[in-house]
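Chains, contacts and geometry: an overview
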Amino acid sequence: MVKQGVVPDDLNKPFFDAANDGRLVVQCCTACDRLCFPPRPTCDLCGSGDNMTWKEMSGRGTIYNYGVVYDCPVAALKENLPFNLAAIQLEEDPGILMYSHLPGTPADEVPVGGSVTVIFEETANGQKVPEWQVV
């Protein structure tokens, strides 16, 4: 499935640079040891802005839930309808959810609670993004 191109900004550039290198990173506040996703300028827990770093994740997770997309206004995605849109809980922090189309998993055949591993797929402009595959 060809995805729309992503143009990183100053805040999320380290996340997308790591994806281009085949690594999954998440922001971490070193003041309170809290993982933060999506990226933000300050920690939601302690308010620190000077202690936000990036931490590499294992690339493993669990399918929390999903839905099936039957109609989509994005022209590049229309040829792939219907497709899954799953919420993935990271192994390191189940409170962090990432979304995935679950490449290789047929629409509406998603094993909720199943294990997944991260892969990186290229978007229309060459930027890689994390997706998740059932293992």
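Above this text sits the structure in question.
What this report covers is the structure whose coordinates are included nearby. None of these values were measured; they are calculated from a predicted model. (Residues numbered from 1 in each chain as written. Predicted model: local features only at pLDDT ≥ 70, side-chain atom pairs only at ≥ 80, totals over all residues. Heavy atoms only, no water.)

1. Observations regarding the sheet that holds strand E4 (residues 60–69)
Spatially, E6-E5-E4-E7-E8 is the arrangement adopted by the 5 strands of the open sheet, whose pairing is antiparallel. The two strands at the open ends of the sheet, each matched to only one other strand, are strand E6 (97–100) and strand E8 (128–134). The sheet shows a mean angle of 40° between the axes of neighbouring strands, direction not considered. Across 7 bridges, the pairing between strand E7 (residues 115–122) and E8 is antiparallel. (Pairing = 2+ DSSP bridges. Helix = DSSP H or I, 4+ residues; strand = E, 2+ residues; numbered from the N terminus. Axes fitted to C-alpha atoms, helices over the stretch in contact; angles between N-to-C directions.)

2. A short note on the layout of surface pockets
Any space left empty among the atoms is revealed by the rolling of a water-sized probe across them. Counted as a void, the largest pocket has a volume near 510 Å³. If you go around the largest pocket, you meet 23 residues; those closest to its centre are Val 6, Tyr 99, Val 129, Pro 130 and Glu 131. Of all the secondary-structure elements, those providing two or more residues to the lining of the largest pocket are helix H1 (13–20), E6 and E8. Classifying every residue of the lining of the largest pocket gives 15 nonpolar, 6 polar and 2 charged. (1 Å grid on protein atoms, 1.4 Å probe; cavity = no way out; pocket = protein on both sides within 12 Å on 5 of 7 lines; lining within 4 Å. Points joined across faces, edges and corners; volume = space filled by probe spheres on them. Nonpolar A, V, L, I, M, F, W, Y, C, P; charged D, E, K, R; others polar.)

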